[in-house]
Amino acid sequence: MCGIVGYIGYRNAVPMILDGLTKLEYRGYDSAGLSIQTGTTLSLRKAKGRVDELRKLVRQDPICGQVGIGHTRWATHGPATDINAHPHLGGDREVSVVHNGVIENYQTLKSQLETLGFRFYSQTDTEVIAHLIAHHLREQQKLEAPWPHTRTAIQVLEQTLAKLKGTYGLGVLFRDLSDCLLVARAGSPLVIGLGDGENFIASDAAPLSGHTDQVVYLSDHELALMTPEGVEILHRDTGRQNLAIQTLDPVSAESDKGDYAHFMLKEIFEQPMTVENALRGRLDEDEATAVFGGLNIDPQPLRNIDRVVLTACGTSWHAGLVGEYLLEEFARIPTEVEYASELRYRNPPMDRNTMIFAITQSGETADTLAAMRETQRKGHPSLAICNVVGSTIAREADGGIYLHAGTEVGVASTKAFTSQVTVLTLLALYLGRMRHLSHPAGQKMIEGLQQMPERIAETLQCYEQVKQIAEKYYDRENFLYLGRLYNFPVALEGALKLKEISYIHAEGYPAAEMKHGPIALVEERTPSVFVIPRGGIYPKVISNLEEVKARKGPVIAVACRGDERVKQLADHVIEIPDVEEYLQPLVASIPLQLLAYQIAVLRGCEVDRPRNLAKSVTVE
Ligand code: AGP
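Summary of the structure given here. (Residues numbered from 1 in each chain as written. Predicted model: local features only at pLDDT ≥ 70, side-chain atom pairs only at ≥ 80, totals over all residues. Heavy atoms only, no water.)

Quick look at the side chain of Glu-500 now. Within the secondary structure, Glu-500 sits in helix α16 (residues 487-502). Residue Glu-500 is classed as buried on the basis of its relative accessible area, which comes to 14%. Within polar-contact distance, the side chain of Glu-500 engages the side chain of Lys-497 at 3.3 Å. For Glu-500, the residues in contact, after removing those within four places along its chain, are Val-411, Ala-412, Ser-413, Pro-610 and Leu-613. (Helix = DSSP H or I, 4+ residues; strand = E, 2+ residues; numbered from the N terminus. Buried < 20%, exposed > 50% of the residue type's maximum accessible area, 1.4 Å probe, protein only. Polar contact = N/O pair within 3.5 Å; in protein donor to acceptor, adjacent residues only side chain to side chain. Contact = heavy atoms within 4.5 Å.)

And the structure:
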């Protein structure tokens, strides 16, 4: 989490930093700050709240300079306050630092620095880095190292980094060096933008758009010395690196809400298109299979796979659960879905022919990245199902499949989920056709998939009805979400959506599990959302629904169009098109996204930026 922006060049750095921070607010938005090298001092402006608060502060109390760093924070150590906001100053205002990540040994370092006389103002782990740099600078000065001098600055930073345990993306300014910006990375992404007489840094490429399309992604254990004229990259172990320059795709106008009140709503309504994008060019009707450009694995090793592990967090983990059902049904490959945060520290036995898929919208989720690296270390081919092109996971995976869903801005993931499920369905088709799936069965899957954009568009017509249902229940304290088989992960995802943006307690359960505990929650004020389209065990879910009704629990049902049985039983029925069971998550999840959205709006919640959350979770 947290976003970093930096500039060094010939223009005033402040507008670029403020605009860049606004584009990075999805990474954290509880406070923001910037520091400017003014020639002889390091000026600082910091404010609790959104980047707009910082903008106001800078308007009231302007600063200007051609070198600067900025930060938007998602608090890890210490609450969101002006003082805890970054940048942090070190020593006698000799250094200023912005940091993304977590320093695990900060307490030990802090005690050592306090003994040496350094005074701490904030509760952050980052202030330790700033003082540690100042400490090493003083030590170098005692040794009469040349100062001010960029080589000494690099040496001091290297000595500091050697003492840090944990993760960091860092931007560092020195009071006495007016034409130098240092950056370093271990575990938290940083991209350098190359301009003409000016250079940029950012946590991802978004703030660079409009400034440059030439970028270099910093790798772990690299630091970079940036001046207006150039960039030099040094690796901790291998020394000076060549600049691996990449050209960014032109950024489209996706980050505009258009006529929608929120990005989340816009993204929900984009799903007919985003699912179509996930399918585009990937259906081979002649061979009745799917085609992927970037798996980077020959068919034979794919045929030899005897186990798949899907690893992810949050919504992507829910997509993984749908993937498990798909891969086991169509490819007959035993599949497990692992929380990445668990897998990274577990040591489950994995056979040689186990293949890993890391599922992630952002491609930057720290736990998913760590889980993928762990499986790669053990020699398993590890592929990514990812949305953000050029993200760390996309770059480090052995191959993968992009979602092509376009930028997802809303913190609550919606279109990424349906695109992930679409890609996993394609994967099940592809691996299935290498094994047990017949040509006609493959063709049938292709036909079903081709219809999905239209079926999703039809489903979206339920929005007006969902608004009325939301009016009735938006003041409730608890919700249950229930579904079975393919719709169990849909229930989990519906509950997560409601929780994260409306702050209502919601639980997702396999409908039949309800009687083993959650049924105790059922009463007149607790609505149960049943995902109950037709299918093999439909009568069983009907029984579960009746059990809730018998206890006077209100029922909102998501059912197939024209389902009279459900209409008789439920208090409200949201109709979805009748599609094959394995495709139901793609339509059944839509009303649940809309319901969560509308309830959050009615409760006056900040839909796109819910409290305590961030779009990209780059800390453990
Ligand atoms: C979804 O609405 C969440 N905000 C969150 O659970 C998210 O899906 C999770 O953090 C994983 O993110 P990723 O897909 O970018 O890896």
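It is worth spelling out the pattern of salt bridges at this point. Tallied over the full model, the rule gives 38 salt bridges. Residue Glu-580 pairs with Lys-444 through a salt bridge whose shortest N-O separation is 3.2 Å. Residue Glu-580 is located in the loop between β27 (572-576) and α19 (584-602), and its partner Lys-444 is located in helix α14 (residues 439-459); the two are separated by 136 residues in the primary sequence. A residue is classified by how much of its surface remains accessible, and Glu-580, at 38% relative accessible area, is partly exposed. Across the pair Asp-571 and Lys-549 runs a salt bridge, and its minimum N-O distance is 2.7 Å. One end of the pair, Asp-571, is in the loop between α18 (564-569) and β27; the other, Lys-549, is in helix α17 (residues 538-550), and 22 residues separate them in sequence. By sharing partners, the salt bridges in this structure join Arg-185, Asp-220, Arg-373 and Glu-396 into a single network. (Salt bridge = Lys/Arg side-chain N within 4 Å of Asp/Glu carboxyl O.)

Taking strand neighbours across the sheet as the criterion, the 8 strands line up as β3-β2-β4-β1-β10-β9-β11-β15 in an open arrangement whose pairing is antiparallel. In this open sheet, the two edge strands, each paired with only one partner strand, are β3 (42-48) and β15 (246-247). Running at roughly 135° to β3, helix α2 (residues 51-60) makes contact with β2 (31-37), β3 and β4 (67-73) of the sheet. (Pairing = 2+ DSSP bridges. Axes fitted to C-alpha atoms, helices over the stretch in contact; angles between N-to-C directions.)

For the rest of this paragraph, the subject is empty space enclosed by the protein. Evaluated as defined, the whole model comprises 2 cavities of 30 Å³ or more. A volume near 110 Å³ is recorded for the largest cavity. What lines the largest cavity is a set of 15 residues, among which Arg-484, Asn-487, Pro-533, Glu-581 and Gln-584 lie closest to the centre. When grouped by side-chain class, the residues that make up the lining of the largest cavity number 8 nonpolar, 4 polar and 3 charged. Of the volumes computed, that of the second largest cavity is approximately 60 Å³. (1 Å grid on protein atoms, 1.4 Å probe; cavity = no way out; pocket = protein on both sides within 12 Å on 5 of 7 lines; lining within 4 Å. Points joined across faces, edges and corners; volume = space filled by probe spheres on them. Nonpolar A, V, L, I, M, F, W, Y, C, P; charged D, E, K, R; others polar.)

Before going further, it helps to examine the environment of Arg-73. Looking at the secondary structure, you find Arg-73 in strand β4. Separated by 302 residues in the primary sequence, Arg-73 and Thr-375 have C-alpha atoms spaced 31 Å apart. Looking at Arg-73, its side chain comes within polar contact range of the main-chain oxygen of His-77, at 2.8 Å. Reaching out from Arg-73, the side chain makes a polar contact with the backbone oxygen of Pro-79 at a distance of 3.1 Å.

Moving on: the site of the ligand. Taken together, 14 residues surround the ligand, and among them Ser-316, Gln-361, Ser-362, Thr-365 and Glu-500 come closest. Note that an oxygen atom of the ligand is positioned 2.6 Å from one of the side-chain N or O atoms of Ser-362. Listing elements by their share of the shell around the ligand, those giving two or more residues are α9 (314-331) and α16. (Near = heavy atom within 4 Å.)

What follows covers the side chain of Gln-584. With respect to the helices, strands and loops of the structure, Gln-584 is situated in helix α19. Of note is the side chain of Gln-584, whose polar atom sits 2.7 Å from the backbone oxygen of Arg-534. Look past the residues within four positions of Gln-584 in its chain and what remains in contact with it is Asn-487, Pro-533, Arg-534 and Val-579.

It is worth spelling out the packing of aromatic side chains at this point. Here the structure, examined in full by the defined rule, presents 9 aromatic pairs. Aromatic pair Phe-330 and Tyr-582: ring centres 4.8 Å apart, planes at 70°, arrangement edge-to-face. Of this pair, Phe-330 sits in helix α9 while Tyr-582 sits in the loop between β27 and α19, and the two are 252 residues apart along the sequence. The exposure classification of Phe-330 matches that of Tyr-582, with both residues buried. (Phe/Tyr/Trp six-rings, centres within 6.5 Å; stacked < 30°, edge-to-face > 60°.)

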